[in-house]
Amino acid sequence: TGIRKIILSNTIAYLITSNEDVAYYYSAILNYLAYKVAKSGGEFILNQYGRPIKAIVEAGLEWVEEEWQQEVASLSKFIHEEARSIVLRQLGLPDTYPIFEIVDRGADIEIKKVLGEKVKDILESLINNTKDVRKIFDIVEKSVDKDKLRDALKQVASFE
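Everything numeric here is computed off the predicted structure, so don't read it as measured data.

**Thoughts on the packing of aromatic side chains**
To describe a pair of aromatic rings, one takes the distance between the centres and the angle between the planes. Tallied over the entire structure, the rule returns 5 aromatic pairs. Aromatic side chains Tyr25 and Trp68 sit 6.0 Å apart centroid to centroid with 65° between the ring planes, which places their arrangement in the edge-to-face category. Here Trp68 lies in helix H3 (residues 67-90) and Tyr25 lies in helix H1 (residues 20-39), a separation of 43 residues in the sequence. Take Tyr25 and Trp68: they sit in the same class, and that class is buried. On the basis of an interplanar angle of 65° and a centroid distance of 5.6 Å, the ring pair of Tyr32 and Phe137 is categorised as edge-to-face. Note that Tyr32 is positioned in helix H1 and Phe137 in helix H7 (residues 131-143), a separation of 105 residues in sequence. Each member of the pair Tyr32 and Phe137 is classed as buried. Clustering of aromatic rings is evident, with ring pairs tying together Tyr25, Tyr26, Trp63 and Trp68.

Thresholds applied
Residues numbered from 1 in each chain as written. Predicted model: local features only at pLDDT ≥ 70, side-chain atom pairs only at ≥ 80, totals over all residues. Heavy atoms only, no water. Phe/Tyr/Trp six-rings, centres within 6.5 Å; stacked < 30°, edge-to-face > 60°. Helix = DSSP H or I, 4+ residues; strand = E, 2+ residues; numbered from the N terminus. Buried < 20%, exposed > 50% of the residue type's maximum accessible area, 1.4 Å probe, protein only.

Here it is in structure tokens:
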């Protein structure tokens, strides 16, 4: 599944996979979890480490190559081609910003400052400007057990 080949620290985690579908699927699922936390008024727990992975497994969203998961992966791949410019515009940055500027010239610090408070807004913008994000979230909603999801979200966030 790829989920067993993951590197975790308190600042970054990444999945090692040779399967493009797996990579795009988990990207979509992590964004779905972030969206659900934001929509529910939750706040992410600091120092996530492996919590998102545990939440994915507990929610029953681990990649098992089901048809709906392949559709999510396919839509996620398409979204990745246009999401960057949408997010940069939402942050008030030029959508033509070269990637090396974000990483190498300190603009990532500027982005990090404005991003923290706007995750819900950015996800809403992606949903409103990219119909496939809403479609992904709808597919996952139909495929996930709501009780398991609610319990899984408690792994990554606190709720009032």
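Here the narrative resumes, following the displayed structure.
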